[in-house]
Amino acid sequence: MAVIYTTHPLHPQANARLTGAGELRVAAALDAATLTRECSGADILIVRAPIPPALFAGQQRLRMAIRHGAGLDWIPIGPATEAGVLVANVPGANARTVAEHAIFGAMAVLRCFRMVNRDLRRAGWLAGRSHAEQTHELGGRTIGIVGMGNIGRALAQIARDGFGMTVMSYTRNPAALPDGVAACGLDALMAESDIIALCCPLTDETRGMIDARRIALMKQDAVLVNVSRGPVVVDDALIAALREGRIGGAVLDVFSEQPLPPDHPYLSFDNVVVTPHMAGISEESMMRMGVVVAEETLRVLAGGLPVNLRNPEAVERYRSRFGG
């Protein structure tokens, strides 16, 4: 019987799809040693946590590592490919979820939600209401989106059609931008946007991309939204800008260090909305992602290749291991 090893429990609909396909095992812990030990003998690895490169060494049965989501930075693709293990992901299944979260966060900052909520609960109605005249509307502002993949496109559609925002984007493929989205350089986007939304993958090019120089280009009331990966932003530079009141605020769902320490400076600012890497998680998105993961698992166990294969260079070695 096949062994399907997952770092986290799956949605009930995904579990139902996998009934009879094999034994489903959930990781007891997420440290490298536990994952490496428990994955030994597995046929499929479902990933919602960082995977150590050493896990792929000496695997005899492992056919595929599939990301329960889109971002591939948690799967060391090189070692997987070297071991003849297929790597797949689930692009787009949580794009709307992340895009809605970005809008929610931007509106929370503009409407001073943290201050209103705190003072209303501590000091009463009038104390909360006292912030009202310092709040702002989202409609009609300019949003600059860094990265125009599935998430960027969903966010652009919501911002443009739902709020009447002007949308600009910095992307590797400006010729493929949706209608109504203007291409621009990153520095121009940082300087002209009221909301700056980071929706790009973490790569060598994007790591540290939002640094002190680029943060200094932002308008004094602009809001930075990061729903990509923490290391895209240079933390010290953003913290300095927030402390000095040089920007309007930030919405941060991802961090260079996760979990975020309870004494981290980001948690001290009234104009910063912090969430625990949950922008892409909702009941609906977990169902969509889980079902696609299950379908890809069944496809590979039946001898096929995943639809969303991300390392085709591994196929030759994979077939030498398993045939087909």
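Coordinates for the structure precede this section.
S.K.: Explain helix α10 (residues 235–243) residue by residue, including any values.
M.R.: Residues of α10 that are buried: Ala 237, Leu 238, Ile 239, Ala 241 and Leu 242. Structurally, α10 contributes buried residues whose contacts are with α9 (212–215), β10 (223–226), β11 (249–252) and β12 (272–274). Looking one or two residues past α10, Gly 245 carries a phi angle of roughly 70 degrees, positive in sign.

S.K.: Before we move on, could you go through the sheet that holds strand β5 (residues 86–88) and cite the residues and values that matter?
M.R.: Read from one edge of the open sheet, 5 strands run β2-β1-β3-β4-β5, paired in parallel fashion. Looking along the sheet, the strands with just one partner apiece sit at the ends: β2 (23–26) and β5. Here the strands of the sheet are splayed against their neighbours by 20 degrees on average, with no regard to which way each runs. Strands β1 (3–6), β3 (44–47) and β4 (64–67) of the sheet are contacted by helix α11 (residues 283–301), whose axis makes an angle of about 165 degrees with β4.

S.K.: Which residues make up the packing of helix α4 (residues 95–110) against helix α7 (residues 150–163), and what values go with them?
M.R.: Running from N to C, α4 and α7 point in directions that differ by 50 degrees, and their axes come no closer than 8 Å. By the criterion of interaxial angle, the relationship of α4 to α7 is oblique. Between α4 and α7 lies a crossing whose hand is right-handed. Across the interface between the two elements, Ala 95, Arg 96, Val 98, Ala 99, Glu 100, Ala 102, Ile 103 and Met 107 of α4 pack against Asn 150, Ile 151, Ala 154, Leu 155, Gln 157, Ile 158 and Phe 163 of α7. Taken together, the residues of the contact of α4 with α7 break down into 11 nonpolar, 2 polar and 2 charged.

S.K.: Give a detailed account of the side chain of Arg 214, specifying residues and quantitative values.
M.R.: Looking at where Arg 214 falls in the secondary structure, it is placed in helix α9. Within the structure, the side chain of Arg 214 is placed 2.9 Å from the side chain of Asp 187, a separation counted as a polar contact. Leave out the neighbours within four places in its chain, and Arg 214 touches Leu 186, Asp 187, Met 190 and Met 209.

S.K.: Please provide a residue-by-residue account of the pattern of salt bridges, values included.
M.R.: Taken as a whole, this structure holds 14 salt bridges when the rule is applied. For Asp 187, the salt bridge is made with Arg 213, and the minimal N-O distance between the two is 3.0 Å. Residue Asp 187 is found in helix α8 (residues 186–192), and its partner Arg 213 is found in helix α9; the two are separated by 26 residues along the sequence. Residue classification places Asp 187 among the partly exposed positions, given a relative accessible area of 31%. The salt bridge partner of Asp 194 is Lys 219, with a shortest N-O separation of 3.0 Å. Placement of the pair is Asp 194 in the loop between α8 and β9 (195–198) and Lys 219 in the loop between α9 and β10, with a sequence separation of 25 residues.

Conventions and cut-offs
- Residues numbered from 1 in each chain as written.
- Predicted model: local features only at pLDDT ≥ 70, side-chain atom pairs only at ≥ 80, totals over all residues.
- Heavy atoms only, no water.
- Buried < 20%, exposed > 50% of the residue type's maximum accessible area, 1.4 Å probe, protein only.
- Helix = DSSP H or I, 4+ residues; strand = E, 2+ residues; numbered from the N terminus.
- Contact = heavy atoms within 4.5 Å.
- Pairing = 2+ DSSP bridges.
- Axes fitted to C-alpha atoms, helices over the stretch in contact; angles between N-to-C directions.
- Parallel < 35°, antiparallel > 145°, perpendicular 65-115°, else oblique.
- Left-handed = near helix turned anticlockwise from the far one by under 90°.
- Nonpolar A, V, L, I, M, F, W, Y, C, P; charged D, E, K, R; others polar.
- Polar contact = N/O pair within 3.5 Å; in protein donor to acceptor, adjacent residues only side chain to side chain.
- Salt bridge = Lys/Arg side-chain N within 4 Å of Asp/Glu carboxyl O.

That is the geometry; function is a separate question.
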